[in-house]
Amino acid sequence: MAVVDVSEELKSLASTMESIEAVIDLDKMRADIAVLEEQAAAPSLWDDPDNAQKVTSKLAYLQGQLRKVEELHSRIEDTGVLFELADGEDDADARAEAESELASVRKSVEELEIRTLLSGEYDAREAMVSIRAEAGGVDAADFAEQLQRMYLRWAERRGYPTEVLDTSYAEEAGIKSTTFSVKAPYAYGTLSVEQGTHRMVRISPFDNQGRRQTSFAGVEVMPVVEQTDHIDIPENEIRVDVFRSSGPGGQSVNTTDSAVRMTHIPTGIVVSCQNEKSQIQNRAAALRVLQSRLLAHRRAEEQAKMDALKGDGGNSWGNQMRSYVLQPYQMVKDLRTDHEVGNPQGVLDGDIDGFLEAGIRWRKQQESPAS
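Keep in mind it's a predicted model, so treat the numbers as computed, not measured.

Caption draft 1: Layout of the overall build of the protein chain. When helices and strands are counted, the protein chain shows nine helices and eleven strands. For the protein chain, the residues scored as buried account for 42% of the 371 residues in total. Long-range contacts, defined as pairs at least 24 residues apart, comprise 65% of the intrachain contacts of the protein chain with a sequence gap of at least 6. Carbon and sulfur atoms provide 47% of the accessible area of the protein chain, an area that totals close to 19,600 Å².

Caption draft 2: The arrangement of the pairing of strand S7 (residues 259–264) in detail. Buried residues dominate S7, accounting for five of its six residues. Two strands pair when backbone bridges link them, and S7 and strand S8 (residues 269–273) are joined in this way by five bridges, in the antiparallel orientation. Residue pairing across strands places Arg261 opposite Ser272, the latter belonging to S8.

Caption draft 3: Seen up close, the side chain of Arg336. Turning to its location among the elements, Arg336 is positioned in the loop between strand S10 (331–334) and strand S11 (340–341). In this structure Arg336 comes out as buried when scored by relative accessible area, which is 13%. For Arg336, the side chain forms a polar contact with the main-chain oxygen of Val193, separated by 2.9 Å. At a separation of 2.8 Å, a polar atom in the side chain of Arg336 contacts the side chain of Asp334.

Caption draft 4: Structural detail: the sheet that holds strand S9 (residues 320–325). Taken together, the eight strands give an open sheet; going across it, the order is S2-S3-S1-S5-S4-S9-S10-S11, and neighbouring strands pair in mixed fashion. The outermost strands of the open sheet, each flanked by one partner alone, are strand S2 (162–169) and S11. Summarising the sheet, strand S4 (residues 196–203) and strand S5 (residues 212–223) pair through eight bridges and their orientation is antiparallel. If you follow Gly196 over to S5, its bridge partner there is Val219. Of the strands in this sheet, strand S1 (127–133), S2, strand S3 (175–182), S4, S5 and S9 touch helix H5 (residues 137–158), which is tilted by about 45° from S5. This element, helix H9 (residues 353–367), spans S9, S10 and S11 of the sheet and lies at about 20° to S10.

Caption draft 5: Expanded view of the packing of aromatic side chains. Scanning all chains against the criterion turns up three aromatic pairs. Here the aromatic rings of Phe143 and Tyr324 are separated by 5.4 Å at their centres, their planes lie at 70°, and the arrangement is edge-to-face. In this pair, Phe143 is assigned in helix H5 and Tyr324 in strand S9, connecting sequence segments 181 residues apart. Taking relative accessible area as the criterion, Phe143 reaches 0% and is therefore assigned buried.

Caption draft 6: Molecular detail of helix H4 (residues 92–116). For H4, built from 25 residues, the straight-helix expectation of 36 Å at 1.5 Å per residue is met to within 8% by its first-to-last C-alpha distance of 37 Å. Arg95, Ala98, Leu102, Val105, Ser108, Val109, Leu112, Ile114, Arg115 and Thr116 are the residues of H4 that are buried.

Caption draft 7: Broad picture of the sheet that holds S8. One open sheet holds the three strands; their spatial order is S6-S7-S8, and the pairing between them is antiparallel. Among the strands making up the open sheet, the edge pair consists of strand S6 (238–243) and S8. When strand polarity is set aside, the average angle formed by the axes of neighbouring strands in this sheet is 20°. Direction of pairing for S6 relative to S7: antiparallel, over a ladder of six bridges. In the strand pairing of S7, Ile238 is matched with His264.

How each quantity is defined
Residues numbered from 1 in each chain as written. Predicted model: local features only at pLDDT ≥ 70, side-chain atom pairs only at ≥ 80, totals over all residues. Heavy atoms only, no water. Helix = DSSP H or I, 4+ residues; strand = E, 2+ residues; numbered from the N terminus. Buried < 20%, exposed > 50% of the residue type's maximum accessible area, 1.4 Å probe, protein only. Contact = heavy atoms within 4.5 Å. Areas by Shrake-Rupley, 256 points an atom, 1.4 Å probe, with all protein chains shown as cover. Pairing = 2+ DSSP bridges. Polar contact = N/O pair within 3.5 Å; in protein donor to acceptor, adjacent residues only side chain to side chain. Axes fitted to C-alpha atoms, helices over the stretch in contact; angles between N-to-C directions. Phe/Tyr/Trp six-rings, centres within 6.5 Å; stacked < 30°, edge-to-face > 60°. Expected span 1.5 Å × (residues − 1).

Here you go:
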């Protein structure tokens, strides 16, 4: 890399940072941090644990974002100094170190730029994720469980708290369905690009003839409901059934009928929760999931009306959105963005940032013609 190229790239990165800061609005961020710090210092904060968790989580997120912006500024300047020193001393090792730091800074700026693309109405929300096994029998149930692990590992890598609200286990292996929350700001905006049908192709470990099997799992991502959403559900519109919680292989988790299934009669939406210890806790968790589903349902109806006005056949997401091929070759490919990785195991272990970033950019491009 020539010296002039380095200079131009550093100028470009600095310019990108200015654009990012304009979108993020650092002054407002600092003001929000000051308000949250005051709330976090209040002696009565933990009188309401749920609100306390939201306050401390949002404060930590904003502080982290502000620190990241300030550190990136310094790193861009320091990288320029590293190149000057390396060139001045004609030190190949120092130049290699400087180039490595430049690549790292470039990646960090790109990641931060993705955050500025999350400007949708609910993008800043926490996420509720549901996964269900579709066609493919036991392989589909096993694939659904792998997807659950993939997202939970991704959240764990980022330090995002998660809570599994319901898991319905399949008889032989894997899961029929699961619902869990990711409790971090912008989790919904980030993970919403994962919504759709995922496909896995592999030699089935459940086929004694070792045949190749294609299986499918559906992913649904919903924003967590907040008080401002006005998702009020009259009691007479809900049917509540209780049943005994069950674990893998149908084994009883406890001896009481504590699991709750909740049906919203007007829409037919059904949710369940069995991972809490008491029926009261499961009922409260199921109501949160139902509210999120109804919010997503309302959004889908609004989007359908807009699509009808625009003449858009609702083809933004399509059915199959990603393929995980383990046999006869190794490849994970997003069918919308064409982003692909030759290491399926790494992806299934939670390394999905590349797919998320490509998906967010793709979605923004899809929105552009209508703006």
